[in-house]
Every structure is written in C-alpha cells, then in structure tokens.
Amino acid sequence: MLALGIFFILIGLLFIIVPSFIWWISESWKSNDGTEPSGLYLWTTRFSGMIILIVGIGTVIVAFI
C-alpha cells in the first residue's frame, strides 16, 4: 500500500510540474501540427495531478495507520 501511495505522489508531481511532457507522450502524435498543448489541457493536467497527489498522500497516511 505504501509503494502505491509513493507511486501516486510521483505521478501527481509529474502531472503538476511538467504537464507539457505528459502532452508530448500522450497527445502530440494525434495533432497535425503537434506544436504545443493548449492552456486548457495544461490546466486540466495540473488539476488531475493535484487530485492524484492528494490520493497518494491519503494512501501513504492510511498505510501508517
């Protein structure tokens, strides 16, 4: 359970800190021009990262209880 929480924390931080890298991996090949992600994509990726980070922190806390 602890390892899963740490994994969620790392993925959440990745989504928050480098959302353009997530776009490059998952979405750039779908675009004809493939220049850069939209502002909405960056915002939703960071928001998703915050949710994943909160879940990861909660999982780590539950592992220690």
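Residues numbered from 1 in each chain as written. Predicted model: local features only at pLDDT ≥ 70, side-chain atom pairs only at ≥ 80, totals over all residues. Heavy atoms only, no water.

A.B. asks: Explain a nonpolar patch on the surface to me, please; I cannot follow it from the model alone.
C.D. replies: A contiguous nonpolar surface patch, about 1,000 Å² in accessible area, is contributed by Leu2, Ile6, Leu10, Leu13, Leu14, Ile17, Val18, Phe21, Trp24, Ile25 and Phe64. Elements with a minimum of two residues in the nonpolar patch: helix 1 (2-17) and helix 2 (19-26). Sort the elements by how many residues they give to the nonpolar patch and helix 1 lands first, with six residues. Take leucine 2: it is sitting in helix 1. Assessed through its relative accessible area of 35%, leucine 2 is described here as partly exposed. (Patch = residues over 30% accessible without salt bridge, like charges linked within 9 Å, V, L, I, M, F, W, Y side chains within 5 Å. Areas by Shrake-Rupley, 256 points an atom, 1.4 Å probe, with all protein chains shown as cover. Salt bridge = Lys/Arg side-chain N within 4 Å of Asp/Glu carboxyl O. Helix = DSSP H or I, 4+ residues; strand = E, 2+ residues; numbered from the N terminus. Buried < 20%, exposed > 50% of the residue type's maximum accessible area, 1.4 Å probe, protein only.)

A.B. asks: Honestly, the environment of phenylalanine 8 in this entry has me stumped. Any pointers?
C.D. replies: Structurally, phenylalanine 8 is set in helix 1. As for phenylalanine 8 and isoleucine 57, which are separated by 49 residues in sequence, their C-alpha atoms are 8.0 Å apart. Every residue in contact with phenylalanine 8, bar those within four places of it in the chain, is listed here: Ile52, Leu53, Val55, Gly56 and Thr59. (Contact = heavy atoms within 4.5 Å.)

A.B. asks: Is there a simple way to think about the pattern of salt bridges in this case?
C.D. replies: Opposite charge on two side chains lets them pair, provided their charged atoms get close. Applying the stated rule across the entire model yields one salt bridge. The partner of glutamate 27 in a salt bridge is lysine 30, and the shortest N-O contact between them spans 3.4 Å.

A.B. asks: Looking at this model, I keep getting lost on the packing of aromatic side chains. Mind explaining?
C.D. replies: The geometry of two aromatic rings is summed up by the distance between their centres and the angle between their planes. Here the structure, examined in full by the defined rule, presents three aromatic pairs. For the ring pair phenylalanine 21 and tryptophan 24, a centre distance of 6.2 Å and an interplane angle of 25 degrees mean the geometry is stacked. Linking phenylalanine 21 with tryptophan 24, this pair stays in helix 2, spanning three residues, or about one helical turn. Given the relative accessible area of 34%, phenylalanine 21 is considered partly exposed. Residue classification places tryptophan 24 among the exposed residues on the basis of a relative accessible area of 55%. Aromatic pair tryptophan 43 and phenylalanine 47: ring centres 5.5 Å apart, planes at 5 degrees, arrangement stacked. (Phe/Tyr/Trp six-rings, centres within 6.5 Å; stacked < 30°, edge-to-face > 60°.)

None of the figures reported here should be taken as evidence of function without further support.
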